[in-house]
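Here's the letter readout for the chains.
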Amino acid sequence: MVNLSLIYDKFAKKYEDNRNIFNMDNIINDLNNYINISQGKLLDLGCGAGEPFSSYFIKKKWDVIGVDYSSEMLKIANKYLPQLKTIYSDMTLVKFNINQFDLVIAIYSIFHIEKEKHTQLLKNIYFWLKKGGIALFTYACKEYTQHSEFSGYKEFMGEQLFYSHYDETTIKNILDNIGFKVLSFKYYTIADETFLWIIIQK
Ligand SMILES: C[S@@+](CC[C@H](N)C(=O)[O-])C[C@H]1O[C@@H](n2cnc3c(N)ncnc32)[C@H](O)[C@@H]1O
């Protein structure tokens, strides 16, 4: 199988052409219910082209760092969002100090990582967040993969991509055990794809 970062390099032009076609206002509104500061520091894991979430917070003058391991996706992000500070890295390897961020997001990205690595990644997010900080991430689910737990390949935009997720109860238990408070656990269907959108607090 082709390395996933190279597949996203190939997708970058499509992401550029399709900037802003998906309306995610419902999710941004959900998130805003829990954010009680006007400006802060945001980490976007698997930021891709940075739309629409990083872009939204940059417009509100937040300090935003994006991490992605596709250099072509980061080129698009840098072209349209020069204020986004980008780090070219695998998000499972990146390191930040404790209590750094008011908000961490991972939009349509964590599900490309083997589920056995999800607990450590979520522990890292907990470590990086300030006390009371919020995280939002998209999680794959049965509605998308047809399995309650899954690790394997699915077709996306003509390529075979790796997806991996636990079932709902397991991911909730992982979050509880780390110490997160689960604020919102909702299914949203966007462009005919249903995923879980989870908002948690340290
Ligand atoms: C479906 S795209 C989503 C991009 C963006 N978050 C958005 O909502 O449009 C997934 C992104 O996650 C990145 N990605 C996937 N696994 C990653 C990893 N382990 N480390 C860094 N980036 C990763 C891919 O390169 C790609 O840019």
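The notes below deal with the structure included here. (Residues numbered from 1 in each chain as written. Predicted model: local features only at pLDDT ≥ 70, side-chain atom pairs only at ≥ 80, totals over all residues.)

**Observations concerning the overall build of the protein**
Scanning the protein from N- to C-terminus turns up seven helices and nine strands. A compact globule built from 202 residues should have a C-alpha radius of gyration of about 17 Å, and the protein, at 16 Å, falls within 12% of that. Taken over the C-alpha atoms alone, the protein extends approximately 40 × 40 × 30 Å along its principal axes. Burial analysis of the protein (202 residues in total) assigns 36% to the buried set. Contacts in the protein between residues at least 24 apart in sequence constitute 64% of all its contacts with a sequence separation of at least 6. (Helix = DSSP H or I, 4+ residues; strand = E, 2+ residues; numbered from the N terminus. Rg over C-alpha atoms; globule rule 2.2 N^0.38 Å. Buried ≥ 20, exposed ≤ 12 C-beta atoms within 10 Å, placed from the backbone. Contact = placed C-beta atoms within 7 Å.)

**Here we look at the nonpolar core**
Formed by 52 residues in total, the largest nonpolar core has its most connected members in Ala77, Val104, Ile105, Ala135, Leu136, Phe137 and Tyr139. If we skip the residues at most four places from it in the chain, Tyr139 touches Ile110, Phe111, His165, Ile171, Phe195, Leu196 and Ile198. (Core = buried A, V, L, I, M, F, W, Y, C linked by C-beta atoms within 7 Å.)

**A short note on the site of the ligand**
Residues in close proximity to the ligand total 21 residues, the closest being Tyr8, Gly46, Gly48, Ser70 and Ser109. Taken together, the elements giving at least two residues each to the shell around the ligand come down to α1 (4-17) and β2 (63-68). If one sorts the elements of the shell around the ligand by residue count, α1 sits on top with three residues. (Near = placed C-beta within 6 Å.)

**Focus on the pairing of strand β6 (residues 150-156)**
As defined by bridge partners, β6 adjoins strand β7 (residues 159-165) across seven bridges and the pair is classed as antiparallel. Residue pairing across strands places Ser151 opposite Ser164, the latter belonging to β7. Once β6 ends, the chain turns through two residues before running back antiparallel as β7, passing Met157 with a positive phi of about 50°. (Pairing = 2+ DSSP bridges.)

**Re the environment of Asp25**
Structurally, Asp25 is set in helix α2 (residues 25-32). Take Asp25: there are 10 C-beta atoms within 10 Å of it, and that puts it in the exposed class. Sequence separation between Asp25 and Trp128 is 103 residues; the distance between their C-alpha atoms is 26 Å.

**Quick look at the packing of α1 against helix α4 (residues 71-80)**
With their axes 7 Å apart at the nearest point, α1 and α4 run at an angle of 25° to one another. In this view, α1 runs roughly parallel relative to α4, as classed from their interaxial angle. Here Tyr8, Asp9, Ala12, Tyr15 and Glu16 of α1 come into contact with α4, specifically with Ser71, Glu72, Met73, Lys75 and Ile76. Its residues placed into classes, the contact of α1 with α4 shows five nonpolar, one polar and four charged. (Axes fitted to C-alpha atoms, helices over the stretch in contact; angles between N-to-C directions. Parallel < 35°, antiparallel > 145°, perpendicular 65-115°, else oblique. Nonpolar A, V, L, I, M, F, W, Y, C, P; charged D, E, K, R; others polar.)

**Describing the pairing of strand β9 (residues 193-201)**
Note that strand β5 (residues 129-139) and β9 share six bridges and pair antiparallel. Counted as the bridge partner of Tyr139 is Leu196 from β9. Relative to β9, strand β8 (residues 181-190) runs antiparallel, the two being bridged by nine bridges. Bridge pairing links Thr189 to Thr194 in β9. The hairpin turn running from β8 into β9, its antiparallel successor, is two residues long, and Ala191 in that turn takes a positive phi close to 50°.

Any functional reading would require information that these geometric values do not contain.
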